[in-house]
Amino acid sequence: MAGTEHLTVRREGATLVLTLNRPEAKNALSLPMLVGLHDGWLEADADDTVRSVVLTGAGGSFCAGMDLKALAGDGMAGGEHYRERLRADPDLHWKAMLRHHRPRKPVIAAVEGPCVAGGTEILQGTDIRVAGASATFGLFEVRRGLFPIGGSTVRLPRQIPRTHALEMLLTGRPYTAEEAARIGLVGRVVPDGTALDAALETAERINACGPLAVEAVKASVYETAEMTEEDGLAAELKRGWPVFATADAKEGAKAFAEKRTPVYRRQ
C-alpha cells in the first residue's frame, strides 16, 4: 500500500483514505507528500477492490499549500529517493495535485481547517467536497507575487460563477466554509471534526452502487463538460449503453426484484 512519511494510506472497506500528514506545517506540500499522493492515485486506479477515495489532512488542517520556506531555500524538502522520483517523472507533482491526472474512482475531499493556495488547487481536482464549519479556503498566490499554476485559472471559472472565481483569484482573500458552500466550491458544511465521517458516509453510499456504472458516470460528466449538448449526448450514449449489457446491471435489477442487496462483481 502506498504511503510516505508525509502521507498515510489506509483502507476503510472499499474506500482508500489518503491523509496529508504534516500537521506541524498545516500539511504544506512537500516532495514526499507529492510522491505519496501520486502513488495513492495510481493505487486506487489499479485496485478494483477500491471503489472510492477520500482525501483528508491530519491535525485539523487540510493543506496550507506549497511549503514556501522550502521553496525559498533549496527547493522542496525530501530525501534523494524522492528527488530521483521527480527527476524520473518531471510531471509527477502535477499528477499528484490532480492537475494532470483524473482518477477513475470518485474522490471525496474531507476538509478541516486551512485549505488554501495549493490546498484549494488540489480541491478542484476532487469530485465531492465536505468541509468542517471552521474550514478556510482561498488562492493566496497573487499576494506573494506568484501564479496559481495548479490549474485554478482554468478550472475555477468552470466550477463556480466567473465573478466569484475572479474575486478569489485576484484578491487572494480567505473564504469561510459558509462562503465556499454558497459559491459552490464545496458541496456541504458539517460541524467541525466531522468532515471525515461525512466523507466516509458518502463514500459508503457510492461503494454500494455498481462500480462500472459509477466509473462510467464520472467519466461521462468530465468528458462531456466542454462539448455542445448534441455532442455530449452522443458521447453519453457511448458511455452509457455498454453499462446496460453488464452482468452487474442484470444483478442490480434482479436484486431490486428480490428485495435484497446487490452483489456487484465488475462484470
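Our subject is the structure listed above.
Predicted model only: the values in this text are computed from it and were never measured. (Residues numbered from 1 in each chain as written. Predicted model: local features only at pLDDT ≥ 70, side-chain atom pairs only at ≥ 80, totals over all residues. Heavy atoms only, no water.)

Taken together, the three strands give an open sheet; going across it, the order is 5-7-8, and neighbouring strands pair in mixed fashion. The strands lining the two open edges of the sheet, one partner per strand, are strand 5 (114-116) and strand 8 (175-176). Pairing of strand 7 (residues 136-138) with strand 8 involves two bridges; the strand directions are antiparallel. Pairing of Phe137 across the sheet is with Tyr175, part of strand 8. (Pairing = 2+ DSSP bridges. Helix = DSSP H or I, 4+ residues; strand = E, 2+ residues; numbered from the N terminus.)

Looking at the second largest pocket, its volume works out to about 500 Å³. The wall of the second largest pocket is formed by 21 residues, among which Arg102, Gln124, Arg155, Gln159 and Tyr222 lie closest to the centre. Listed by contribution, the elements that provide at least two residues to the lining of the second largest pocket are helix 6 (152-159) and helix 10 (211-223). Counting residues per element, the lining of the second largest pocket draws most heavily on helix 6, at four residues. Counted by class, the lining of the second largest pocket contains five nonpolar, nine polar and seven charged residues. (1 Å grid on protein atoms, 1.4 Å probe; cavity = no way out; pocket = protein on both sides within 12 Å on 5 of 7 lines; lining within 4 Å. Points joined across faces, edges and corners; volume = space filled by probe spheres on them. Nonpolar A, V, L, I, M, F, W, Y, C, P; charged D, E, K, R; others polar.)

Next up on the list: helix 9 (residues 195-207). Along its 13 residues, helix 9 runs 18 Å from first to last C-alpha, staying within 8% of the 18 Å computed at 1.5 Å per residue. All buried positions along helix 9 are accounted for by Ala195, Ala198, Ala199, Leu200, Thr202, Ala203, Ile206 and Asn207. (Expected span 1.5 Å × (residues − 1). Buried < 20%, exposed > 50% of the residue type's maximum accessible area, 1.4 Å probe, protein only.)

Bringing the environment of Ala180 into the picture now. Within the element layout of this structure, Ala180 appears in helix 8 (residues 177-183). Here the alpha-carbon distance between Ala180 and Thr136, two residues 44 residues apart in the chain, equals 8.3 Å. In contact with Ala180, not counting residues within four places along its chain, are Phe137, Leu185 and Val186. (Contact = heavy atoms within 4.5 Å.)

Turning next to the pairing of strand 6 (residues 128-132). Taken across its five residues, strand 6 has four buried, putting it largely inside the fold. Alignment of strand 4 (residues 107-111) against strand 6, held across four bridges, turns out to be parallel. Bridging from a neighbouring strand, Ala110 pairs with Val130 of strand 6. Where strand 6 meets strand 9 (residues 188-190), three bridges bridge the pair, whose relative direction is parallel. What sits directly across from Gly132, in strand 9, is Val190.

Side chains of Leu237, Trp241 and Phe244 sit close together on the surface and give an oily, nonpolar patch of about 400 Å² of accessible area. A relative accessible area of 60% means that Phe244 is categorised as exposed. (Patch = residues over 30% accessible without salt bridge, like charges linked within 9 Å, V, L, I, M, F, W, Y side chains within 5 Å. Areas by Shrake-Rupley, 256 points an atom, 1.4 Å probe, with all protein chains shown as cover. Salt bridge = Lys/Arg side-chain N within 4 Å of Asp/Glu carboxyl O.)

Right, let's talk about the pattern of salt bridges for a bit. Here the structure, examined in full by the defined rule, presents 19 salt bridges. The salt bridge involving Asp47 is made with Arg11; its shortest N-O contact spans 3.4 Å. Placement of Asp47 in the loop between helix 1 (31-46) and strand 3 (52-57) and of Arg11 in strand 1 (residues 7-12) is noted, with a sequence separation of 36 residues between them. Across the salt bridge formed by Arg173 and Glu167, the nearest N and O atoms sit 3.1 Å from each other.

A few words now on the pairing of strand 3. Regular strands place their side chains on alternate faces of the sheet. Judged by how many residues are buried, strand 3 sits mostly within the fold: six of six residues are covered. Burial along strand 3 is two-sided: the residues Ser52, Val54 and Thr56 and Val53, Leu55 and Gly57 are all buried. Relative to strand 3, strand 2 (residues 15-20) runs parallel, the two being bridged by six bridges. Within the sheet, the bridge partner assigned to Val17 lies in strand 3 and is Val54. Handedness of the crossover joining strand 2 and strand 3 through helix 1 is recorded here as right-handed. (Right-handed = clockwise from strand over helix to strand, strands pointing away.)

Paired through backbone hydrogen bonds, the strands of a sheet run either parallel or antiparallel to each other. If you walk across this open sheet you meet the six strands as 1-2-3-4-6-9, and the pairing is mixed. Looking at which strands have only one partner, the edges of the open sheet turn out to be strand 1 and strand 9. Mean inter-strand twist for the sheet, computed between neighbouring axes without regard to direction, equals 20°. Along the sheet, helix 1 contacts strand 1, strand 2, strand 3 and strand 4; its crossing angle with strand 2, the most-contacted strand, is approximately 175°. (Axes fitted to C-alpha atoms, helices over the stretch in contact; angles between N-to-C directions.)

Negative phi is the rule for most residues except glycine; trans is the rule for most peptide bonds. A positive phi angle, close to 55°, is found at Lys26, a residue other than glycine. Even without being glycine, Leu98 reaches a positive phi, approximately 65°.

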